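Fold and contact review
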Amino acid sequence: HPELAPVDVREAARALVCHGPADLPWQNAPEAFANMGLGYSAFRLGPAQAILIAPPKGEAVVLQSVVVAPEARGRGQAVRLLRALMAHFPGRTWRVPVTWPEELAPGLFRALGFEREALSQFQMRLALG
(Lines give C-alpha, C1' and ligand atoms only; values in the text may rest on other atoms or scores of the structure.)
Protein backbone atom coordinates (compact mmCIF):
# COMPACT_ATOMS: atom_id res chain seq x y z
CA HIS A 1 0.00 0.00 0.00
CA PRO A 2 1.62 3.29 -1.05
CA GLU A 3 0.50 5.18 2.07
CA LEU A 4 1.94 2.61 4.50
CA ALA A 5 4.93 4.23 6.18
CA PRO A 6 7.41 3.03 8.79
CA VAL A 7 7.54 5.18 11.91
CA ASP A 8 9.80 5.24 14.94
CA VAL A 9 8.61 2.79 17.59
CA ARG A 10 8.71 5.58 20.18
CA GLU A 11 6.28 7.62 18.05
CA ALA A 12 3.86 4.70 17.88
CA ALA A 13 4.27 4.16 21.63
CA ARG A 14 3.40 7.85 22.22
CA ALA A 15 0.24 7.40 20.13
CA LEU A 16 -0.65 4.42 22.31
CA VAL A 17 -0.10 6.51 25.45
CA CYS A 18 -2.32 9.30 24.08
CA HIS A 19 -5.07 7.22 22.48
CA GLY A 20 -4.88 3.73 23.98
CA PRO A 21 -6.37 2.32 27.16
CA ALA A 22 -4.66 3.17 30.43
CA ASP A 23 -4.68 -0.29 31.97
CA LEU A 24 -2.87 -2.50 29.46
CA PRO A 25 -0.88 -5.51 30.71
CA TRP A 26 2.78 -4.60 31.07
CA GLN A 27 3.66 -6.77 28.06
CA ASN A 28 1.46 -4.54 25.87
CA ALA A 29 2.17 -1.22 27.59
CA PRO A 30 3.60 1.62 25.51
CA GLU A 31 6.47 2.07 27.97
CA ALA A 32 7.61 -1.48 27.25
CA PHE A 33 7.75 -0.82 23.51
CA ALA A 34 9.50 2.53 23.90
CA ASN A 35 12.19 1.03 26.11
CA MET A 36 12.66 -2.23 24.25
CA GLY A 37 12.85 -0.81 20.75
CA LEU A 38 15.25 -3.43 19.44
CA GLY A 39 13.37 -5.95 17.38
CA TYR A 40 10.19 -3.90 17.21
CA SER A 41 8.93 -2.15 14.09
CA ALA A 42 6.15 0.39 13.78
CA PHE A 43 4.01 1.48 10.85
CA ARG A 44 1.38 4.10 10.15
CA LEU A 45 -1.44 4.19 7.64
CA GLY A 46 -3.56 7.29 7.96
CA PRO A 47 -4.80 7.63 11.57
CA ALA A 48 -3.80 4.07 12.53
CA GLN A 49 -0.45 2.85 13.88
CA ALA A 50 0.84 -0.61 14.74
CA ILE A 51 3.83 -1.98 16.63
CA LEU A 52 5.03 -5.42 15.66
CA ILE A 53 7.92 -7.82 15.67
CA ALA A 54 8.80 -8.80 12.11
CA PRO A 55 12.02 -10.80 12.01
CA PRO A 56 13.74 -11.25 8.68
CA LYS A 57 13.71 -14.49 6.72
CA GLY A 58 10.02 -15.24 6.68
CA GLU A 59 9.41 -15.94 10.36
CA ALA A 60 6.06 -15.15 11.98
CA VAL A 61 5.06 -11.53 12.49
CA VAL A 62 3.88 -10.79 16.03
CA LEU A 63 1.36 -7.98 16.33
CA GLN A 64 1.98 -6.13 19.61
CA SER A 65 -0.24 -3.08 19.34
CA VAL A 66 -2.72 -1.26 17.11
CA VAL A 67 -4.07 2.17 17.90
CA VAL A 68 -6.39 4.44 15.91
CA ALA A 69 -6.86 8.13 16.65
CA PRO A 70 -10.18 8.55 18.51
CA GLU A 71 -11.82 10.71 15.83
CA ALA A 72 -11.21 7.99 13.20
CA ARG A 73 -12.41 4.94 15.14
CA GLY A 74 -15.22 2.77 13.88
CA ARG A 75 -14.31 3.31 10.22
CA GLY A 76 -12.20 0.24 9.56
CA GLN A 77 -8.85 2.01 9.87
CA ALA A 78 -7.25 -0.78 11.94
CA VAL A 79 -8.38 -3.43 9.44
CA ARG A 80 -7.05 -1.29 6.58
CA LEU A 81 -3.66 -0.92 8.30
CA LEU A 82 -3.36 -4.62 9.11
CA ARG A 83 -4.29 -5.66 5.56
CA ALA A 84 -1.61 -3.32 4.22
CA LEU A 85 0.91 -4.81 6.66
CA MET A 86 -0.02 -8.34 5.63
CA ALA A 87 0.63 -7.35 2.01
CA HIS A 88 3.93 -5.75 3.09
CA PHE A 89 4.99 -9.04 4.74
CA PRO A 90 3.58 -11.59 2.25
CA GLY A 91 3.50 -15.27 3.06
CA ARG A 92 4.08 -14.74 6.78
CA THR A 93 2.16 -16.28 9.64
CA TRP A 94 0.68 -13.64 11.96
CA ARG A 95 0.38 -14.04 15.72
CA VAL A 96 -1.21 -11.95 18.44
CA PRO A 97 0.20 -12.47 21.97
CA VAL A 98 -2.10 -14.05 24.51
CA THR A 99 -1.68 -10.85 26.58
CA TRP A 100 -3.68 -8.83 24.01
CA PRO A 101 -6.86 -7.64 25.81
CA GLU A 102 -9.72 -9.12 23.78
CA GLU A 103 -12.15 -6.37 24.68
CA LEU A 104 -10.05 -3.81 22.79
CA ALA A 105 -10.92 -5.12 19.34
CA PRO A 106 -13.59 -7.79 19.51
CA GLY A 107 -14.25 -7.99 15.75
CA LEU A 108 -10.85 -6.92 14.40
CA PHE A 109 -9.22 -10.31 14.21
CA ARG A 110 -12.34 -12.08 12.98
CA ALA A 111 -12.55 -9.56 10.13
CA LEU A 112 -9.00 -10.50 9.13
CA GLY A 113 -9.53 -14.26 9.32
CA PHE A 114 -7.45 -14.91 12.44
CA GLU A 115 -8.17 -18.11 14.33
CA ARG A 116 -8.15 -18.46 18.11
CA GLU A 117 -5.47 -20.70 19.57
CA ALA A 118 -6.18 -23.00 22.49
CA LEU A 119 -4.06 -20.92 24.90
CA SER A 120 -5.77 -17.94 26.49
CA GLN A 121 -5.31 -15.71 29.50
CA PHE A 122 -7.70 -14.22 32.02
CA GLN A 123 -7.26 -10.75 33.42
CA MET A 124 -7.87 -10.69 37.14
CA ARG A 125 -8.14 -7.91 39.69
CA LEU A 126 -7.88 -7.89 43.44
CA ALA A 127 -9.18 -5.01 45.52
CA LEU A 128 -6.79 -4.29 48.38
CA GLY A 129 -8.04 -2.83 51.61
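Each chain carries its own residue numbering, running from 1 in the written order of its sequence. Totals for whole chains, interfaces and linings use all residues, but because this is a predicted model, local features are given only for residues with pLDDT of at least 70 and pairs of side-chain atoms are given and counted only at 80 or more. Calculation of side-chain values draws on the structure's entire complement of heavy atoms; hydrogens and water are dropped beforehand.

Examining the overall build of the protein
When its secondary structure is counted, the protein shows 4 helices and 5 strands. Each helix is a run of H or I in the DSSP string that is no shorter than four residues. Each strand is a run of E no shorter than two, and both are numbered from the N terminus. In the protein, the succession of helices and strands from N to C terminus is β-α-α-β-β-β-α-β-α. Each residue's exposure class comes from its accessible area (1.4 Å probe, protein chains only) as a fraction of the maximum for that residue type: buried when under 20%, exposed when over 50%, partly exposed otherwise. Looking at the 129 residues of the protein, the share that counts as buried comes to 40%. It only takes one pair of heavy atoms within 4.5 Å for two residues to be counted as in contact. Considering only contacts in the protein between residues 6 or more positions apart, those separated by 24 or more positions represent 62%. Approximately 8,100 Å² of the protein is accessible, and the part contributed by carbon and sulfur atoms is 56%. Only the protein chains shown count as cover for residues, with accessible areas throughout obtained via the Shrake-Rupley method and a probe of 1.4 Å.

Concerning the sheet that holds strand 3 (residues 48-53)
Paired through their backbone hydrogen bonds, the strands of a sheet run either parallel or antiparallel. Reading across the sheet, the 5 strands line up as 1-2-3-4-5 and stay open at both edges, with mixed pairing between neighbours. Looking at which strands have only one partner, the edges of the open sheet turn out to be strand 1 (5-7) and strand 5 (94-95). One requirement defines pairing of two strands: DSSP has to find at least two bridges between them. By the bridge criterion, 6 bridges tie strand 3 to strand 4 (residues 61-68) in an arrangement that is antiparallel. Bridge pairing links Ile51 to Ser65 in strand 4. Lines fitted to C-alpha atoms define the axes here, with helix axes fitted over just the stretch in contact, and angles between the N-to-C directions of these axes take values from 0 to 180 degrees. Contacting strand 2 (40-45), strand 3, strand 4 and strand 5, helix 3 (residues 77-88) runs over the sheet at an angle of about 125° to strand 2.

Looking at helix 3
Each residue after the first adds 1.5 Å to the expected span of a helix. For helix 3, with 12 residues, the first-to-last C-alpha span of 16 Å sits near the 16 Å given by 1.5 Å per residue. Restricting attention to buried positions, one finds in helix 3 the residues Gln77, Ala78, Val79, Leu81, Leu82, Ala84 and Leu85. On its buried side, helix 3 packs onto strand 2, strand 3, strand 4, strand 5 and helix 4 (108-111).

Structural notes on the pattern of salt bridges
Take a side-chain nitrogen of Lys or Arg and a carboxyl oxygen of Asp or Glu: if they are within 4 Å of each other, that pair is a salt bridge. Under the defined criterion, the tally for this structure stands at 3 salt bridges. Between Arg80 and Glu3 there is a salt bridge; the shortest N-O distance is 3.3 Å. Of this pair, Arg80 sits in helix 3 while Glu3 is found in the segment before strand 1, placing the two residues 77 residues apart along the sequence. Glu3 gets classed as partly exposed once you look at its relative accessible area, which sits at 47%.

Describing the environment of Gly76
Turning to its location among the elements, Gly76 is positioned in the loop between strand 4 and helix 3. For the pair Gly76 and Leu108, spaced 32 residues apart in sequence, the C-alpha to C-alpha distance is 8.7 Å.

Some remarks on the nonpolar core
For our purposes a nonpolar core is just a set of buried Ala, Val, Leu, Ile, Met, Phe, Trp, Tyr and Cys residues, chained together by side-chain atoms within 4.5 Å. Counting 24 residues, the largest nonpolar core has Leu52, Leu63, Leu85 and Phe89 as the members making the most contacts within it. Looking at this core, the elements that each hand over two or more residues are strand 2, strand 3, strand 4, helix 3 and helix 4. Beyond its immediate chain neighbours, meaning those up to four positions away, Leu63 contacts Ala50, Ile51, Leu52, Leu82, Trp94, Arg95, Val96, Pro97, Trp100 and Phe109. In this structure, Val7, Val9, Tyr40 and Ala42 belong to the second largest nonpolar core, which totals 6 residues.

Things to note about the environment of Ser41
Tracing the sequence through the fold places Ser41 in strand 2. Under the relative-accessibility criterion, Ser41 is labelled partly exposed at 23%. With 11 residues separating them in the primary sequence, Ser41 and Leu52 have C-alpha atoms 5.3 Å apart. Leaving out residues up to four positions away in the same chain, Ser41 has contacts with Val9, Ala50, Ile51 and Leu52.

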